[in-house]
Amino acid sequence: MNCIFCDIIMKKRPAKILYEDDSVLAFEDINPQAPVHVLVIPKKHIPTSLDIEEEDLPLIGYLCRIAGNIAREKGIAERGFRLVMNCNREAGQTVFHLHLHVLGGRGMHWPPG
Ligand code: AMP
Ligand code: ZN
């Protein structure tokens, strides 16, 4: 399978890894859109949020928890941060391995662009 994020998981492609365990990986986004921009991904290859299965539900909750830990470690938890999961073309999904963006360190706009 040709997947950039699976390559990062398998250490075939470099990344600035902030956290790793048996089920998830967190690393710096290569093209940051905010002072803090980290991606949290499951090690399981799930293409989009539409592909989440019953057995994945604890994993998705765990991603959110790890995202919160990243926000705390980056010092943006109290100020606030945004979690984004893009799905398919109009949302701007470009990598089809499910990922949670952790964005913060600046004021976020609403509605989002
Ligand atoms: P999305 O548009 O939601 O699919 O987000 C994909 C994200 O992956 C973008 O923010 C990219 O900058 C980021 N990205 C793509 N390739 C890499 C990479 N090799 N290392 C880190 N981040 C990446
Ligand atoms: Zn993948």
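Residues numbered from 1 in each chain as written. Chains lettered and ligands numbered in written order. Predicted model: local features only at pLDDT ≥ 70, side-chain atom pairs only at ≥ 80, totals over all residues. Heavy atoms only, no water.

1. Details of the overall build of the protein chain
- Tallying secondary structure elements over the protein chain gives two helices and five strands in all.
- Each helix (α) and strand (β) of the protein chain, taken in turn from the N terminus, gives the series α-β-β-β-α-β-β.
- The C-alpha radius of gyration computed for the protein chain amounts to 14 Å, which stays within 12% of the reference 13 Å derived for 113 residues, consistent with globular compactness.
- The dimensions of the protein chain, computed from C-alpha atoms along their principal axes, are 35 × 30 × 25 Å.
- Every one of the 113 residues in the protein chain was classed for burial, and the buried ones make up 38%.
- Sequence-distant contacts, at least 24 apart, represent 54% of the contacts inside the protein chain between residues at least 6 apart.
- Total accessible area computed for the protein chain in this model is approximately 7000 Å², and 52% of it derives from carbon and sulfur atoms.
- Both charge centroids of the protein chain, one from 13 positive and one from 14 negative side chains, sit 8 Å from each other. (Helix = DSSP H or I, 4+ residues; strand = E, 2+ residues; numbered from the N terminus. Rg over C-alpha atoms; globule rule 2.2 N^0.38 Å. Buried < 20%, exposed > 50% of the residue type's maximum accessible area, 1.4 Å probe, protein only. Contact = heavy atoms within 4.5 Å. Areas by Shrake-Rupley, 256 points an atom, 1.4 Å probe, with all protein chains shown as cover. Lys, Arg positive; Asp, Glu negative; His and termini not counted. Charge placed at Lys NZ, Arg CZ, Asp CG, Glu CD.)

2. Comments concerning the environment of D21
- Within the secondary structure, D21 sits in the loop between β1 (17-20) and β2 (24-28).
- Expressed as a C-alpha distance, the spacing of D21 and P32, which sit 11 residues apart in the sequence, is 23 Å.
- Beyond its immediate sequence surroundings of up to four residues, D21 is in contact with K43 and Y62.
- Within the local environment of D21, its side chain forms a polar contact with the backbone nitrogen of S23, the two atoms lying 2.9 Å apart. (Polar contact = N/O pair within 3.5 Å; in protein donor to acceptor, adjacent residues only side chain to side chain.)

3. Regarding the nonpolar core
- Ranked by internal contacts, the top residues of the largest apolar core, which has 17 residues, are V38, V40 and L63.
- Contributions of two or more residues to this core are made by β2, β3 (36-42), α2 (57-73) and β5 (100-104).
- Per-element tally for this core: the top contributor is α2, with seven residues.
- Apart from residues no more than four positions distant in its own chain, V40 is found in contact with L25, A26, L63, I66, A67, H99, L100 and V102.
- Core analysis: the second largest hydrophobic core is formed by 10 residues, C6, I9, L39 and V95 among them. (Core = buried A, V, L, I, M, F, W, Y, C linked by side-chain atoms within 4.5 Å.)

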